[in-house]
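# Architecture and fold: a report
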Amino acid sequence: MNRLSHEKSPYLRHAAKQKIDWYPWSDEAFDRARQEDKPVFLSSGAVWCHWCHVMAQESFEDPEIADLLNKQYICIKIDRDERPDIDRRYQQAVAVMGHGGGWPLSVFLSPDRMPFFGGTYFPPADMQGRPGFKKVLEKAASYYSTNRTEVLTYSQKLLDLLKPQYPGGGEINRLLTSESVRGILSAFDTRNGGFGHSPKFPMPGALTLLINRFFLAKRESEGNAVKKTLEAMADGGIHDQIGGGFHRYSVDEAWIIPHFEKMADDNAWHLRNYTDAYAVFGNEYFRDVAEGIIKFLRDVLSDPEGGFYASQDADVGPEDEGGYFTWTEEDFRRMFSDDEYEILSLHLLDERGAMHQDQSRKVLFVSTALQEIIQRTGKDIQTIQSVIRSGKEKLLAARKKRTTPFVDRTFYTSLNGMLVTSCLKASRILGDADIRGFALKSLNRILQMHSAGGELFHTEGVKAVLDDYIYLTEALIAAYEVSGDHSYLHRAVECMDACIGKFWDEEEGGFFDTETEVIGLRLKSIEDIPHPSANAVGILLLLQLYSMTGKVQYRVHAETAFKVFSSTAKDSPLHAAYYFCALEAFSMMMKLTIQAKPDSQLANTALASFIPYLSVVYEDDKGFVVPCIDTVCYEPIRDPEELKKFLREVYSGRDS
């Protein structure tokens with residue numbers, strides 16, 4: 001009997017008709033494994049994951065493989081979005097085994113939940129150097145039954161290696177930020193933008209740090225890296241050129257061919273980066289991209305009653321990789337006049353966008369700049385821009401007639417916190433009152449749905465993890481900043497205090513990812529994966545709340561966490577970049593005491609200005625704002641234009 005039909009996760013329900021005796025993660029499954037003396041096969045994946053669907057079709061729906069699994073294993077399936085705590089541990093275990101990581105994750109466990117073998121996608125039979133799943137199942141079961149002692153010894157050693165090790169005695173040294181920036185820039189791809197090689201992930205923590213550093217110090221190397229990366233991503237196929245929003249990552253170095261799933265967390269951080277870059281550089285293209293992300297979020301990833309969904313699937317089916325998002329030359333010729341085709345095919349349709357499994361289908365990306373199109377067609381820029389604009393509208397209308405990839409409408413507290421914060425920040429810079437109102441409505445709905453009896457939930461029926469507390473706290477602070485409603489600040493303090501009580505490492509410092517041990521482990525990380533780590537965001541929030549409330553406990557915890565993670569962050573600057581944002585905020589935080597009404601011109605001017613590290617406090621309406629940086633306060637400012645000028649110039653000459 002398959003037990004997944006009543007699960008809340010759409011990913012688990014998708015497997016409910018398979019002939020495999022699946023359990024959700026439960027004591028019942030492991031008790032049965034113990035009683036029958038069988039190993040456990042754990043499959044972790046997500047509804048947006050292309051290769052999860054491929055493995056399901058090839059293997060989990062194959063009668064022979066289903067029979068093997070049912071006879072030799074107790075089978076468990078989890079949704080990595082619903083249970084990130086479980087997935088994270090087994091991902092790390094498989095990585096330590098030397099088999100990489102990713103989804104689908106396939107792990108073999110003892111009845112005591114100890115991993116002894118694993119991998120990711122297995123084809124049903126041997127293929128291109130990958131062992132076939134049938135062979136893997138038979139060999140893993142045989143090895144478990146004949147080498148029990150070795151299995152248990154190996155598993156214990158494996159889990160011991162996963163326990164977090166952070167050398168003590170770190171330092172709080174702002175010079176480390178400059179060193180980290182040099183490390184990040186050393187990985188910068190000067191040709192294509194971004195960092196490192198393929199597959200290429202956006203690194204929003206690194207981009208945030210570079211944007212902030214450019215604003216503070218105006219170093220061209222930092223500004224150029226940001227602009228090159230954001231322009232290249234916006235021009236690339238990783239950016240949905242007609243529907244807005246971004247796909248998850250690029251399989252090539254030039255951002256052309258993406259993995260097509262669209263994730264809430266990725267788009268939350270893209271929105272922050274493009275909004276901030278628009279504020280700092282004044283590039284209207286960045287504003288357009290940010291507004292396109294908001295449009296995608298409202299059209300696809302949000303509930304009209306408030307709240308943001310988790311993801312949009314990569315495909316309509318396993319055999320249809322990217323089909324919804326790709327186009328053929330015949331599509332273009334059929335849809336457009338000769339003049340339109342000439343311009344739009346030059347601009348968006350290029351052989352470099354060809355899909356490997358079907359070369360006729362292409363990912364749209366900006367392959368030819370406007371000036372070159374002018375030279376090659378002889379048409380003026382107004383005509384070309386008009387054709388591109390109307391052509392994209394036609395393409396989007398045609399695409400909406402296709403079968404749409406599945407949208408996971410699950411509400412996760414952490415993802416909603418990220419998006420609420422990003423939308424509220426964008427509303428301030430872009431002057432978008434609609435997204436401000438929707439973000440506040442979404443925050444209030446998540447608080448109502450996922451907070452009860454003094455407990456916070458990750459999603460219905462699943463207790464919250466660190467990310468939920470951290471990103472909800474951040475959203476509550478952002479809501480207080482735009483509204484002046486002190487109840488949001490009160491809830492933020494409550495949420496952070498609960499977070500410290502549940503997750504803080506009392507022995508060494510820093511936040512654990514879970515309240516209690518999961519498979520014998522509480523993990524603690526500072527790495528951006530690729531969005532900023534909850535610990536790094538948490539440190540910055542502690543500094544904000546200290547500035548806003550004066551509670552010394554928050555600053556003490558921040559200082560402790562800085563020291564705990566110092567060595568690890570120093571050794572991996574690109575993947576711990578947001579830690580260095582928090583480190584810079586330690587001495588560069590600006591506090592604005594707004595003694596004016598939240599909807600006043602003075603308050604709006606303060607909030608619409610880009611300030612890298614900011615805390616806001618509202619007090620009685622006396623018609624002025626008092627700015628302070630670290631321990632230095634400035635004269636009260638009453639005039640909005642004077643305030644705008646001050647905020648633009650105050651960091652000039654300060655050592656950053």
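So, here is what we can say about the structure in this document. (Residues numbered from 1 in each chain as written. Predicted model: local features only at pLDDT ≥ 70, side-chain atom pairs only at ≥ 80, totals over all residues. Heavy atoms only, no water.)

### Let's talk about the overall build of the chain
Convention followed: Working definition: helices are DSSP H or I runs of at least four residues, strands are E runs of at least two. Numbering for both runs from the N terminus. With the radius of gyration taken over C-alpha atoms, the globule rule is written as 2.2 Å times the number of residues to the power 0.38. Each residue is assigned to one of three classes by its accessible area relative to the maximum for its type, calculated with a 1.4 Å probe on protein chains only: buried under 20%, partly exposed between the two thresholds, exposed over 50%. The criterion used for residue contact is that any of the two residues' heavy atoms lie within 4.5 Å.
On a plain count of helices and strands, the chain comes out with 25 helices and 20 strands. Here the C-alpha atoms of the chain give a radius of gyration of 26 Å, agreeing with the 26 Å that 2.2 N^0.38 yields for 656 residues. The principal-axis extents of the C-alpha atoms in the chain amount to approximately 80 × 70 × 45 Å. Each of the 656 residues in the chain was classed as buried or not, and the buried ones make up 61%. Excluding contacts between residues fewer than 6 apart, the proportion of contacts in the chain whose partners are at least 24 apart in sequence is 69%.

### Brief notes about the pattern of salt bridges
What counts here: Whenever a carboxyl oxygen of Asp or Glu lies within 4 Å of a side-chain nitrogen of Lys or Arg, that contact is scored as a salt bridge.
One pass over the full model with this rule turns up 46 salt bridges. Among the salt bridges present, the one from Glu-36 reaches Lys-38, with a minimum N-O distance of 3.2 Å. By relative accessible area, which is 16% here, Lys-38 ends up buried. Sharing partners across several salt bridges, the network here consists of Arg-3, Asp-21, Arg-32, Glu-36 and Lys-38.

### Notes on the sheet that holds strand E12 (residues 358-363)
The following threshold applies: Strand pairing follows a simple DSSP-based rule, namely that at least 2 bridges must link the two strands.
Within the open sheet, the 3 strands sit side by side as E10-E12-E11. Their pairing is antiparallel. Bordering the open sheet on either side are strand E10 (326-327) and strand E11 (354-355), each of which pairs with just one other strand. Two strands pair when backbone bridges link them, and E11 and E12 are joined in this way by 2 bridges, in the antiparallel orientation. Note that in E12 the partner of Ala-354 across the bridge is Lys-362.

### Digging into the pairing of strand E4 (residues 105-109)
Of all 5 residues making up E4, 5 are buried, and the element is well covered by its neighbours. Burial of the side chains of E4 extends over both faces: Leu-105, Val-107 and Leu-109 are buried on one face and Ser-106 and Phe-108 on the other. With 5 bridges connecting them, strand E2 (residues 40-45) and E4 associate as antiparallel partners. By the bridge assignment for E4, Val-40 is matched with Leu-109.

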